[in-house]
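# Geometric and topological summary
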Amino acid sequence: MSSNTGHPASTLNKVVLGLQWGDEGKGKVIDLLAGQTDMVVRCQGGANAGHTVVVGGKKTVLHLLPSGVLHSGARCIIGNGVVVDPLALCAEIDELALHGSDPTSRLAVSDRAHLVLPCHKALDAANETRKGDAKVGTTLRGIGPAYADKVARTGIRCGELRDLPAFTSHLRSHLIGVNGLLAALGAPAVDVEGAIDQVLPACRRVAGLVADTASELHQAAAAGKRFLFEGAQGVLLDIDYGTYPFVTSSNTGVGGVICGSGLSHKQLGEVIGVVKAYSTRVGAGPFPVELTGAAHGAKGDDIRRRGAEFGATTGRPRRCGWLDLVAVRFACRLNGVDSIALTKLDILTGEPELPVCVAYELDGARIDTIPSRIEDLARAKPVYEMLPGWSSPLGACRTRESLPTGARTYVEFLERQLSVPIRWIGTGPGREEIIER
Ligand code: GDP
Ligand code: IMO
Ligand code: MG
């Protein structure tokens, strides 16, 4: 099947993935590409995501709604792999509607997607409290417990919202079950009837959006429609390949796109990896390049301030460090990344020189991949190559050639190290602040 441009439809499709620890700038890249697509599809994660889009100086942070939502021509799909918090989704829709762009008529939620309910958030908090110093540092959005229910085959799916009385009685028995778990964790019980009253109005609204999105996507594929798949989190937070257990609870790479949308690998098209020009991480877990402690902490604080590195969902300060190419290389290999969008290069302006981590040293040996045991990763020391910096701002640069020499050297070094072309370079948060080629 061909699109009306004569290209096989799948070659016009795009997957956008974060290749680090999340917050790479996926929202900006999705927004940029959404004008050339028919459907934007979220496939995993939930309201733990915070994707920022800046258009005409106005900032919008999206959590569950796909970041193509600001383009009125794009249909937005919340796929089966997403865990959907009805309260968060309705709040997000209302916020957009308040600013004149109600997305409801262009939005569908998969009938197979699992719900995140107040009891999942209570369990998330109770699990974290019980772990004490070993806590993951989750977003407390109920993500882990909702996916745990899914895998344990005790979850509640959005399709159940089509029969609200049956859903309500299922929810009631589910809440009673969760209260048993909360009691075992020494946490207060959820008020069962209060929780039902709290979520039912939102559930009623979400019921109107529920659809068999897998079938809709199959029909759209047959009609030659173009898809843009929006990854959430980042590959180093993947449940299988991330820094387990300091990860999120879904597959954040191409595997999650396939399982979480209902389309096959043949529909993926170009895989675009988003890479921030330095590294950040929110929450706990090993982070070899982190700039912290007496020797480096001031530089970490400096990057956080210049890059405004505070969580888009929780407002927590992000841990900062130099670019870790071991992590990005690993993420490229795992996902067959075709091209890279490099973001926030502008934030590095003014650094006299830029260390880039090209390998780790572990127990005297040099390694170029991420060890699976976090105890090993915690002991790994970054091996840096030093690159020259640059001093003139990048804000006005619209071509690669107009970048200062140091910035061009940085980009070309990354391309050589990763063997992946950099097709976009972010020079600021705004939609137009990008160099494309
Ligand atoms: P996401 O979760 O991957 O969508 O990323 P976040 O929205 O959580 O964080 C990225 C932050 O960087 C947001 O505040 C964006 O507005 C901002 N941003 C994205 N690209 C650029 C860029 O090239 N330069 C600058 N200065 N900011 C950017
Ligand atoms: P976007 O899509 C950055 C992190 C949390 C925590 C771990 C587990 O905006 O890039 P969870 O609530 O998922 O159980 O938390 O994962 N985390 C993110 N970090 N960006 C995100 O999303 C994240 N979503 C989850 O901080 O360390
Ligand atoms: Mg984010």
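In this report, we go over the structure that sits alongside the text. (Residues numbered from 1 in each chain as written. Chains lettered and ligands numbered in written order. Predicted model: local features only at pLDDT ≥ 70, side-chain atom pairs only at ≥ 80, totals over all residues. Heavy atoms only, no water.)

### Quick look at the site of ligand 2
What counts is decided by this rule: When we say a residue is near a molecule or strand, we mean one of its heavy atoms is within 4 Å of it. Polar contacts, as used here, are pairs of N or O atoms within 3.5 Å; protein pairs need one atom able to donate a hydrogen and one able to accept it. Residues neighboring in sequence count only if both atoms are side-chain atoms. Surface exposure here means Shrake-Rupley accessible area, sampled with a 1.4 Å probe, where a residue is shielded only by the protein chains that are shown. Ten residue types, Ala, Val, Leu, Ile, Met, Phe, Trp, Tyr, Cys and Pro, are classed as nonpolar, four, Asp, Glu, Lys and Arg, as charged, and the remainder, Gly among them, as polar.
For ligand 2, the set of nearby residues contains 20 residues, the closest of which are Asp23, Lys26, His51, Thr139 and Thr248. In this structure, an oxygen atom belonging to ligand 2 sits 2.8 Å away from a main-chain N or O atom of Asp23. Thr248 places a polar side-chain atom, nitrogen or oxygen, 2.6 Å from an oxygen atom of ligand 2. The protein chains hide 98% of the 550 Å² of surface that ligand 2 would expose on its own. Classifying every residue of the shell around ligand 2 gives 7 nonpolar, 10 polar and 3 charged.

### Let's talk about the packing of helix H4 (residues 118-131) against helix H6 (residues 164-184)
Put simply, the rule is: Axes here refer to lines fitted to C-alpha atoms; in helices the fit is confined to the stretch in contact. Angles between the N-to-C directions go from 0 to 180 degrees. Segments assigned H or I by DSSP are reported as helices when at least four residues long, segments assigned E as strands when at least two residues long, and all are numbered from the N terminus. Oblique is the label for any angle not under 35 degrees, not over 145, and not in the 65 to 115 range, which are roughly parallel, roughly antiparallel and roughly perpendicular in turn. In what follows, residue pairs with any heavy atoms lying within 4.5 Å of each other are defined as contacts.
At their nearest, the axes of H4 and H6 sit 10 Å apart, and the two run at 10° to each other. In terms of axis orientation, H4 runs roughly parallel to H6. Contact residues: Cys119, His120, Ala122, Leu123 and Ala126 in H4; His174, Leu175, Val178, Leu181 and Leu182 in H6. Residue composition of the contact of H4 with H6, by class: 8 nonpolar, 2 polar and no charged.

### Regarding the packing of aromatic side chains
This is how the line gets drawn: For this analysis, a ring pair means two rings from Phe, Tyr or Trp (six-membered ring only for Trp) whose centres lie within 6.5 Å, classed as stacked if their planes differ by under 30 degrees, edge-to-face if by over 60, and tilted for the remaining angles. Think of it in three bands: with a 1.4 Å probe and only protein chains considered, a residue is buried below 20% of the maximum accessible area for its type, exposed above 50%, and partly exposed in between.
Scanning all chains against the criterion turns up 4 aromatic pairs. Between Tyr241 and Phe330, the ring centres sit 6.3 Å apart and the planes meet at 70°, which makes this aromatic pair edge-to-face. Here Phe330 lies in helix H11 (residues 325-335) and Tyr241 lies in the loop between strand S10 (227-230) and helix H9 (254-261), a separation of 89 residues in the sequence. Assessed through its relative accessible area of 44%, Tyr241 is described here as partly exposed. With a relative accessible area of 13%, Phe330 lands in the buried category.

### Details of the layout of surface pockets
Short version of the rule: Cavity: a set of points on a 1 Å grid over the protein atoms alone where a 1.4 Å probe fits but cannot get out. Pocket: an open set with protein on both sides within 12 Å along at least five of seven lines, its lining residues, like those of a cavity, having an atom within 4 Å of a point. Grid points are joined across faces, edges and corners, and a volume is the space filled by probe spheres set on the points. An automatic or database domain assignment is the source of the domain bounds shown.
Here the largest pocket defines a volume of roughly 890 Å³. Counting residues per element, the ones that place at least two in the lining of the largest pocket are H4 and helix H5 (143-151). Partitioned by chemical class, the residues of the lining of the largest pocket number 19 nonpolar, 16 polar and 10 charged. Of the voids in this model, the second largest pocket is the one considered here, and its volume is about 590 Å³. Around the second largest pocket, the lining comprises 29 residues; the ones closest to its centre are Thr52, Gly307, Arg318, Lys344 and Pro429. Elements with a contribution of two residues or more to the lining of the second largest pocket: helix H2 (26-34), strand S3 (51-55) and strand S4 (58-62). Each of domain 1 (9-111 + 210-273) and domain 3 (275-436) gives at least three residues to the lining of the second largest pocket.

### Focus on the sheet that holds strand S1 (residues 14-18)
For clarity, the cut-off: The rule for pairing is simple: two strands pair if DSSP sees at least two bridges between them.
Taking strand neighbours across the sheet as the criterion, the 10 strands line up as S9-S7-S5-S2-S10-S1-S11-S15-S19-S20 in an open arrangement whose pairing is mixed. Edge strands, defined here as strands with exactly one partner in the open sheet, are strand S9 (210-211) and strand S20 (434-436). In the sheet, S1 pairs with S10 via 3 bridges, with the strands oriented parallel. By the bridge assignment for S10, Lys14 is matched with Leu228. Contacts from helix H8 (residues 213-222) reach strand S2 (39-42), strand S5 (75-78), strand S7 (107-110), S9 and S10, with the element oriented near 140° to S5.

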